[in-house]
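# Coordinate inspection notes
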2 protein chains.
Amino acid sequence: MTEGRSVPVLPSYGPVRPLGLGQVSITGGFWGGRQAVNATATLSHCETWMERLGWLANFDRVADGTTAPDRPGWPFSDSEVYKLLEALAWETGRTGDVEAESAIKRLTARVARAQDPDGYLNTCFGHGDQPPRYSDLEGGHELYNLGHLLQAAVARLRTAGEDDLVRIARRAADHVCRTFGEDGMRKICGHPEIEVGLAEFGRALGEDRYVEQARLFLDRRGRGTLRDIPLGRAYFQDDIPIRQAGVWRGHAVRALYLTAAAVDVAVERGDDELLGAVERQWERSVARRTYITGGMGSRHQDEGFGEDWELPPDRAYCETCAGVASIMVSWRLHLATGDVRYTDLIERTLYNIIATSPSPDGAAFFYANPLHQRAPGKPSDGTEVSPRAEAGVRAAWFDVSCCPTNVARTLASLEGYLATTDDDGLQIHQYAPCAIRTELPDGRRVAVDVETDYPETGTIRVRIAADEPSPWTLSLRVPAWAAGASVIEDGGRARPVGPGVLTLRRAFRAGEVITLELPMRPRFTWPDPRIDAVRGCVAVERGPEVLCVESRDLDGLDALVIDPLLGPQPDPGGARVRGRLAAPAGGPWPYASGAHPVADGEWFDVTLRPYHSWAQRGSSSMRVWLPFSVR
Amino acid sequence: MTEGRSVPVLPSYGPVRPLGLGQVSITGGFWGGRQAVNATATLSHCETWMERLGWLANFDRVADGTTAPDRPGWPFSDSEVYKLLEALAWETGRTGDVEAESAIKRLTARVARAQDPDGYLNTCFGHGDQPPRYSDLEGGHELYNLGHLLQAAVARLRTAGEDDLVRIARRAADHVCRTFGEDGMRKICGHPEIEVGLAEFGRALGEDRYVEQARLFLDRRGRGTLRDIPLGRAYFQDDIPIRQAGVWRGHAVRALYLTAAAVDVAVERGDDELLGAVERQWERSVARRTYITGGMGSRHQDEGFGEDWELPPDRAYCETCAGVASIMVSWRLHLATGDVRYTDLIERTLYNIIATSPSPDGAAFFYANPLHQRAPGKPSDGTEVSPRAEAGVRAAWFDVSCCPTNVARTLASLEGYLATTDDDGLQIHQYAPCAIRTELPDGRRVAVDVETDYPETGTIRVRIAADEPSPWTLSLRVPAWAAGASVIEDGGRARPVGPGVLTLRRAFRAGEVITLELPMRPRFTWPDPRIDAVRGCVAVERGPEVLCVESRDLDGLDALVIDPLLGPQPDPGGARVRGRLAAPAGGPWPYASGAHPVADGEWFDVTLRPYHSWAQRGSSSMRVWLPFSVR
């Protein structure tokens, strides 16, 4: 057991243990700036919208016995309050923010009043004229909501100790165990989330029966206890037991929340069969069902995974929440195995999904993250609720508004995903300017400062901040994309390091600097030929960032073809490639017995910018995958 | 006015007038066989399923006052009964089928009992505990259902004269005019169809006020009177008035039923502005939003059109009903203009959508018609209702079962789409073995027999069946794909004819044969480069048929690349191309900094078969668009 670490995920066993908010402080840079915006703008933005729309008042109505058929919001709107509470809890743990603390108390008080004496807590079922409790397990989201309550309580417990929110969560968790235990309803919730909430809440409190309830839910799933629906039972992963499944399918967020819980249960129970099944699912899903951005979910219809190789850029769903959930899964798998392929994917997802969603002012968000926007979105003035997930512009709030609070809780707890320790040293996974202060189990002192403007440049300086007479091991992840990386140790000469992990073991002395140099020259990236939707195209990446071309930078983007023989060049925007406009003449029928006549334009330079910044200068059409021509 | 023609569409004005069931008899061949299966299997299949599922009993329940909340079927299930009635009516008109006649009487009697005294007729709203009439115009489909009732009544009126079904329809139409007229509710139905029903029923009865009500509905639409929904108001074409729209968008069947009505209204009112708007929408939609199969609808989420050039083969929706509706639109546009580009598209849609849907035994149907099936569908034993539109196998019946009855009514009325006359002669549009007997307005006798096994071969013999001393003009459509066609007139030598229309004018004598020879050698067809989803691919067509490769004929279809330099060869199956398997090695991440290593196999012959026959030999994966490699 690792006590006292303020982290979202703290397994009881594993080769590495995550450092938390007390041990890692992000001091600025790419992520520090985003965390500041999250703290100062997004958190209050979320509370304001939920107050405006009555999602908060739903709790008051239950408490006051004034529920009515006009209840605003979807059945899962409660969960947004809990995700905001979780974000607020991490924020207070990170910075001691007084406003966040006061918001927690304010929200907790309203939630508390709505809880039934037996622990049941929901604003849409079970009161007055509402449908009875658990009368719609397919779509009701009651257990889903409670799962988010438990995650919020974990955050509170690990940053402030047991308080009202934790007590509410305890009563709710006990209610769930009584109602759905071995002797209770042998049912599951249509949207997994209770499982991951119970598992972590159990770990945080040392209450194994919560972990056991999570295991029960997991093993019940995949046996068709939920009703078949037009989208099929794969939609909520009730088609195949998780131990037998070979790949992720159905609704991406559901699949990933479920998988995160499976890792937790596997680790707590020493269940290598289950862990192995999840690893295999990750492998195939990442190899065949994942976008270059790390985005997951190829279909709008069910917000879900498609078949292997079905990865359309234009209709990519890549829900922001699926990015959050993918990080949840990969981080748990890393903690269970120590394998950096998982933290590689986390980096990709952080820079290209999590960073993409919020606007620079933290008051608007992408829900879907397509890799090709055909028609520019309709600008919004930020005062309306977007009725739909895809819009081509960031929206202030959504009818289904899961993403803003999910981004908020991820950014507020980001310190918990940067570094780990094992018995012999420190492992740094994500590069941000930060201070890391911890001790190894035997008391060796580990103190380093990371200085970097990554991913602006690839220079990462790790400065030892305290002497430690006994040797220890410093491990630095070298991303899989970073062929040609090098390291310079104090006063030494650069020596090449391959992708994977760079380990240095010695008695480090304060002031020593280890400089990892990651190659930031933009590069072409080629898709597997089985990804039919991007055949004949190439993407440009730079460091961990996927780049894109926007119509803001290029009129006639539709007709762009690029020269794949001349590699992309560095550019202040991100990169430059050589391209020309090759607009087909067009005709009454788009299928012809010979090559379509194309009027090739002159070659010119095309600017690419980071995908995460797209549509920040106004609505735009956009492409990540660029057709090439070698004619 | 053209009296007494048994056709689904009979405009009051126009350059050509359609021949009907009395003037054209299909005598066998590709379509004759399908009509026979439709008559002997599909019609009773549809009635059996609707009885089994209680969709017919819904009418009895209304009549008996026993409606209840457990009403089976969707709110639009009534329309399936009406579409079946329409199919039965055409079938009796075509063949005098006694069983069909008896089914009409049986079904009409049950429908009649459910009609309210004021003409309202619906089994889901307005009775007992049901929601009030017209309380859910977005989703309730009440007017949609009645539109199909009117189309059924048109079929009955034009094949048997006024009977109970026609009288029911009259009362319903009068109710609609009273309720939604200038002085009534200024509302529209979420699913267009009442408009096209009213317009034709008005034409059939000479009741202009029905046409006027159709015009009212049309001009009310596009002004946001329907509620906004997550899919947007474009879903039901309530986003832009039809006169101002530039392209089809939203739900494809809705867009097309609406457009069909717009042509009817434009023609009846001499409204060239409206006709011009529809023609422009057709042009852009066909040039940029239509599949090579003629299929329409790129998105599953809203069963709708995508953006320009958004034509994914794997997620092509191409609903069978959208094919039916596309034919409805193009036929009306042809009758309004005489332009054969419309009948060209009809041919494509007939052979590649309408012919694709039903199984050879007429008891199972495709709903969606993708151009790439990645994973073979799960075989069905024909006893279950398919809960979803896409399955990769034909299903006996669907939860939403609009397609079987739509195919049935189209096949039963196919004679009405084959040929037209104008003041000087006959125009033949679709080639099937048939007898055509008619008179021109001035009494000249036109009698021809078409002998052909098209599209098995491209030889179409038009044999003059009666002397006519005065010259008249025989016009034969030469399809746009038929470069290299030729004609032989009695005893003469072949002479080339270009795509478009071949016209021959003289005093034809009985026994004369005009032989049109269409080139049936399989050919490569190349997509416009802006169709991103099929870049680097080529399709194979043969005559009017699109061909495809199935995994039944080729293990490892996923890895197929073909040689685009050697043209496709004739083959008893359909065509042969040279291909090889080029399976990428694959790896943990499908994006790489260089070309993916590919193990090229040996070249071999790949058999292609007509797309309409796919999955007839069992479930299969399938591709229309084939990647090519010139390495």
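Each remark here, short or long, concerns the structure printed above.
Note that the coordinates shown come from a computational prediction; the quantities given were computed from them, not determined experimentally. (Residues numbered from 1 in each chain as written. Chains lettered and ligands numbered in written order. Predicted model: local features only at pLDDT ≥ 70, side-chain atom pairs only at ≥ 80, totals over all residues. Heavy atoms only, no water.)

## Overview of the relation of the copies chain A and chain B
Mapping between the two copies of the chain is achieved by a rotation about an axis and a shift along the axis. Relative to chain B, chain A is turned by 180° and slid 0.0 Å along the rotation axis, the superposed coordinates differing by an RMSD of 0.0 Å. In short, the pair behaves as if placed about a two-fold rotation axis. Both copies present the same face, since 100% of the interface residues in chain A are matched by interface residues at the equivalent positions in chain B. (Least-squares fit on C-alpha atoms with pLDDT ≥ 70 in both. Contact = heavy atoms within 4.5 Å.)

## What to know about the packing of helix α9 (residues 252-269) of chain A against helix α11 (residues 320-337) of chain A
Residue and element names in this part refer to chain A. Following both chains from N to C, one finds α9 and α11 inclined at 20°, their axes separated by 8 Å at the closest point. Judged by the inter-axis angle, α9 sits roughly parallel to α11. Regarding α9 and α11, the two cross each other, and that crossing is left-handed. Between α9 and α11, the contacting residues are Ala-252, Val-253, Leu-256, Tyr-257, Thr-259, Ala-260, Val-263, Asp-264 and Val-267 on the first element and Cys-321, Ala-322, Ala-325, Ser-326, Met-328, Val-329, Arg-332, Leu-333 and Ala-336 on the second. Of the residues contributing to the contact of α9 with α11, the split by class is 14 nonpolar, two polar and two charged. (Axes fitted to C-alpha atoms, helices over the stretch in contact; angles between N-to-C directions. Helix = DSSP H or I, 4+ residues; strand = E, 2+ residues; numbered from the N terminus. Parallel < 35°, antiparallel > 145°, perpendicular 65-115°, else oblique. Left-handed = near helix turned anticlockwise from the far one by under 90°. Nonpolar A, V, L, I, M, F, W, Y, C, P; charged D, E, K, R; others polar.)

## Here we look at the interface of chain A and chain B
One frequent convention defines the size of an interface as the accessible area lost when the parts assemble. Of the residues lining the interface, 60 residues belong to chain A; the matching set on chain B comes to 60 residues. Each partner contributes to the roughly 4600 Å² buried at the junction of chain A and chain B, and carbon and sulfur atoms together form 54% of this total. For the interface between chain A and chain B, the tally reads eight salt bridges. Arg-388 of chain A is the partner of Asp-228 of chain B in a salt bridge, and the nearest nitrogen-oxygen pair spans 3.2 Å. Contributions of two or more residues to the side of chain A that touches chain B are made by α10 (272-288), α12 (340-354), β16 (523-527) and β21 (591-592) of chain A. For the side of chain A that touches chain B, the leading source of residues is β16 of chain A, giving four residues. Residues belonging to the side of chain A that touches chain B are distributed by class as follows: 30 nonpolar, twelve polar and 18 charged. Here β21 of chain A pairs with strand β18 (residues 523-527) of chain B via two bridges, running antiparallel. In the strand pairing of β18 of chain B, Ala-592 of chain A is matched with Trp-526 of chain B. (Buried area = accessible area lost by both parts, 1.4 Å probe. Salt bridge = Lys/Arg side-chain N within 4 Å of Asp/Glu carboxyl O. Pairing = 2+ DSSP bridges.)

## Some points on the environment of Leu-504 of chain B
All names here are of chain B. Tracing the backbone through its elements, the reader meets Leu-504 in strand β16 (residues 500-506). With relative accessibility at 4%, the residue Leu-504 sits in the buried group. Measuring from C-alpha to C-alpha, the distance between Leu-504 and Thr-473 comes to 5.5 Å, with 31 residues separating the pair along the chain. If sequence neighbours within four positions are ignored, Leu-504 has contacts with Trp-472, Thr-473, Leu-474, Glu-489, Arg-495 and Ile-514. (Buried < 20%, exposed > 50% of the residue type's maximum accessible area, 1.4 Å probe, protein only.)

## So, the packing of aromatic side chains
Each aromatic ring pair is specified by the distance between its two centres and by the angle formed by the two planes. Residues and elements named next belong to chain A. For the coordinates displayed, the defined rule picks out 50 aromatic pairs over all chains. Here the aromatic rings of Trp-49 and Trp-397 are separated by 6.2 Å at their centres, their planes lie at 5°, and the arrangement is stacked. Highlighted residues: Trp-49 in helix α1 (residues 29-52) and Trp-397 in strand β5 (residues 397-398), separated in sequence by 348 residues. Neither Trp-49 nor Trp-397 differs from the other in exposure class; each is buried. Both rings, one in Trp-472 and one in Phe-508, keep their centres 4.7 Å apart while their planes meet at 55°; by these two values the pair is tilted. Of this pair, Trp-472 sits in strand β11 (residues 472-478) while Phe-508 sits in the loop between β14 (500-506) and β15 (513-517), and the two are 36 residues apart along the sequence. Each member of the pair, Trp-472 together with Phe-508, is buried. An aromatic cluster of at least three residues, connected via ring pairs, comprises Phe-30, Trp-31, Tyr-351, Tyr-431 and Tyr-454. Between the NZ or CZ atom of Arg-52 and the centre of the ring of Trp-49, over which it lies, the distance is 4.3 Å. (Phe/Tyr/Trp six-rings, centres within 6.5 Å; stacked < 30°, edge-to-face > 60°. Lys NZ or Arg CZ within 6 Å of the ring centre and 35° of its normal.)

## Describing the state of the cysteines
Residues and elements named next belong to chain B. All told, the structure shown has zero disulfides over all chains when counted by the stated rule. Note on Cys-189: no disulfide assigned, nearest cysteine sulfur contributed by Cys-124 at a separation of 12 Å. Judged by relative accessible area, Cys-189 falls into the buried class, the value being 1%. Here Cys-548 is not cross-linked by a disulfide; its sulfur's nearest cysteine counterpart is in Cys-318, at 13 Å. (Disulfide = S-S within 2.5 Å.)

## As for the pairing of strand β10 (residues 434-439) of chain B
Along a regular strand, successive side chains alternate from one face of the sheet to the other. Residue and element names in this part refer to chain B. Bridge count between strand β2 (residues 24-26) and β10: three bridges; the pairing is antiparallel. Paired with Val-24 across the strands is Ile-436, a residue of β10. In terms of strand pairing, β10 meets strand β11 (residues 445-452) through six bridges, oriented antiparallel. Bridged to Cys-434 within β11 is Val-450. A loop of five residues connects β10 with β11, the two strands running antiparallel in sequence, and Gly-443 in this loop sits at a positive phi of about 95°.

## Considering the packing of helix α5 (residues 142-160) of chain A against helix α7 (residues 194-205) of chain A
Pairs of packed helices are described in terms of their axes, by the angle between the two and the distance that separates them. Residue and element names in this part refer to chain A. Contact pair α5 / α7: the axes reach a minimum separation of 7 Å and the direction vectors enclose 30°. Regarding the angle of α5 to α7, the classification is roughly parallel. Viewed along their axes, α5 and α7 form a crossing whose handedness is left-handed. Contact residues: Leu-143, Leu-146, Gly-147, Leu-150, Gln-151, Ala-153, Val-154, Leu-157 and Arg-158 in α5; Ile-194, Val-196, Gly-197, Leu-198, Glu-200, Phe-201, Arg-203, Ala-204 and Leu-205 in α7. In the contact of α5 with α7, the residues fall into twelve nonpolar, three polar and three charged.

## Notes on the sheet that holds strand β8 (residues 434-439) of chain A
Residues and elements named next belong to chain A. Read across the sheet, seven strands follow the order β2-β8-β9-β10-β15-β12-β13 without closing on themselves; strand pairing throughout is antiparallel. In the strand order of this sheet, the two ends are held by β2 (24-26) and β13 (495-497), each with one partner. Direction aside, neighbouring strands of the sheet carry axes that sit 20° apart on average. Pairing of strand β9 (residues 445-452) with strand β10 (residues 459-464), which is carried by five bridges, proceeds in the antiparallel orientation. Bridge pairing links Val-450 to Val-462 in β10.

## Describing the sheet that holds strand β7 (residues 425-428) of chain A
Residue and element names in this part refer to chain A. An order of β1-β6-β7-β11-β14 is seen for the five strands of this open sheet, with the pairing classed as mixed. Edge positions in the sheet fall to β1 (17-18) and β14, since each has one partner strand and no second. Of the strands in this sheet, β1 and β6 (419-422) touch α11, which is tilted by about 20° from β6. On top of the sheet, α12 reaches β11 and β14; it is set at about 50° to β11, its chief contact.

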